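Examination of the molecular architecture
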Amino acid sequence: MASGNRKRRTLWSQSGPSPRLIFGAAIIAIVGVLGMTPKAFFGIPLAWPFAALWGAIGWGRAGLSLRPMLLLVAFGLMQDIVSNAPLGCFAMINLLVYGLSAGIADQTDGMRDTLVAVVGPAVLLVVAFLLVWGFASITIDHLVRAWPLLTCFITTGLVYAFGNGMFDLGRRPGESPGGS
Amino acid sequence: MARSGRSGQKSGARRVTLGILIFGALALIVAQSAPQISNFFVPARTTISDRIGASADTSLWAQISGQAEREQRIRQLENEVRDLARYKAAAISMAERMEAYESILNLMGEPPERGVTARITTVIDGPFAQTVLANAGSLQGVVPGAVALNEGGLVGRVIQLGDRSSRILLVSNYQSQLPVLGEVSGVRAIMQGKDRDRGVLKDLPEAADFIEGERVLSSGEGGAFPRGLVVGTVTRQGSDWLVKLAMREHASGYVRMIAPPEIVEPLPELEVPEVPEVPVVPEGGAPAAGPAAPAASAAQGAR
């Protein structure tokens, strides 16, 4: 009985926030670099996800911390350069989403409720979509087409739904392992 | 209590840090509305673009397994196909140009353009601007404002030039305005980017109309693009004329960048050098107002 209730201890479950942060950052960097190459699947152009938002949403759940903020700024600046956006635009969007995610987690006790765990990221993605769309429209002086951008955000959300564990830091910054 | 107080302080500090970072990013965005500050970041952007756009060296495994050799052969064949496609496009545009030349006597033909072929390393169809990054820059002979073509036709124009990379603004970009003309009808219009694969024709003349399915070529007006480059085929959708972009139909991942047309500025109006007044000296006498004097004053009046 006791062995049935015992949780399986995996390498991931035993790792602390730092290795998890590095792993998540590596995933974002790889997806970001792959996103810079021409992307088509049997001739159909793929809607590539905004990978840095996975980190912003996932890392924010563990509360505010300096290292994720710096990583998100770095990723944001790279996104700005690659997508020819004004410098600081994606950095700001990533940080805002990160702050909102931390705020939601703080208000909802770490998103233990399934409804909150689903609705929270969805709301954050909608906010991020509106910010990107708004910034792009302001920057180039006309309303940009929303559908291609929306498909990218849908992809971002779908991938996050399956891979959110990779961006879970496990415990809050400063919290000791096993401590409350 | 003390511990929870310290934790609260830390949490507050983190919030302040987040606020400062967000404010800093916002300030950076706002500051870039000034062209001087925006231009300050251009070297940094081009340097990073160089790093992204520079081609990777062939790996050791590729050399051992013979893959590098095969890939080189494929690249050679692709180059040949590209060259042939270029000649095809050139023939079409030359036929159109020839027709124009035939109506003007004693006009010399234009020499063929020389250019640089580069691989597209990064494609950005993002919301900000539709651009591609090619792995050739000023060191390979690309010039600012160079015109990019692929096997299909016109791709765009170089808007940022690094040492080893060029950022090309696509003709499908919303802000792209391209003067075009119908190959058969000869109707002129401005093509504006609509979406990834199509452009929309604006500023059409009221009297004439395009012919459904005809090819659209660059008209060369404005001086940014040469005349006669294939842009696409025209189709009607409701009251709008749309252009199906030819560059999307034959996209192989390579572009050829040619120098933009040079428009020689007209020479300033020649200034007539002032004619010094020559006093008429009669024999053995003081200078007197002779018949030249009224002529000189008349010349001055005319000036």
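For the structure, check the block above.
Residues numbered from 1 in each chain as written. Chains lettered and ligands numbered in written order. Predicted model: local features only at pLDDT ≥ 70, side-chain atom pairs only at ≥ 80, totals over all residues.

**Some words on the overall build of chain A**
Looking only at helices and strands, one finds 8 helices and 2 strands in chain A. Secondary structure elements of chain A occur, N-terminal to C-terminal, as α-α-α-β-β-α-α-α-α-α. Counting across all 180 residues of chain A, residues that qualify as buried make up 42%. Of the contacts formed within chain A by residues at least 6 apart in sequence, a portion of 68% connects residues at least 24 apart. (Helix = DSSP H or I, 4+ residues; strand = E, 2+ residues; numbered from the N terminus. Buried ≥ 20, exposed ≤ 12 C-beta atoms within 10 Å, placed from the backbone. Contact = placed C-beta atoms within 7 Å.)

**Considerations on helix 7 (residues 114-139) of chain A**
Owing to its 3.6 residues per turn, the α-helix brings residues three or four apart onto one side. All names here are of chain A. Relative to the 38 Å expected for 26 residues at 1.5 Å per residue, helix 7 spans 38 Å between its end C-alpha atoms, a close match to the ideal helical length. Against helix 4 (51-60), helix 6 (89-107) and helix 8 (146-163) lie the buried residues of helix 7. Positioned one or two residues after helix 7, D141 has a phi angle of 65°, which is positive. (Expected span 1.5 Å × (residues − 1).)

**Topic: the packing of helix 7 of chain A against helix 8 of chain A**
Residue and element names in this part refer to chain A. For the pair helix 7 and helix 8, interaxial distance at closest approach is 10 Å and the crossing angle is 150°. Taken together, the axes of helix 7 and helix 8 are roughly antiparallel relative to one another. Two packed elements cross with a definite hand, and for helix 7 against helix 8 that hand is right-handed. Across the interface between the two elements, P121, A122, L125, F129, V132 and W133 from helix 7 touch A146, L149, L150, F153, T156, G157 and Y160 from helix 8. Its residues assigned to classes, the contact of helix 7 with helix 8 comprises 11 nonpolar, 2 polar and no charged. (Axes fitted to C-alpha atoms, helices over the stretch in contact; angles between N-to-C directions. Parallel < 35°, antiparallel > 145°, perpendicular 65-115°, else oblique. Left-handed = near helix turned anticlockwise from the far one by under 90°. Nonpolar A, V, L, I, M, F, W, Y, C, P; charged D, E, K, R; others polar.)

**Notes on the interface of chain B and chain A**
Accessible area lost upon the coming together of the parts serves often as the stated size of an interface. Between chain B and chain A, the contact holds 32 residues from the first and 32 residues from the second. Those elements that provide at least two residues to the side of chain B that touches chain A are helix 1 (2-31), helix 3 (42-53) and strand 1 (115-124) of chain B. When residues of the side of chain B that touches chain A are assigned to their parent elements, the largest contribution, 13 residues, is made by helix 1 of chain B.

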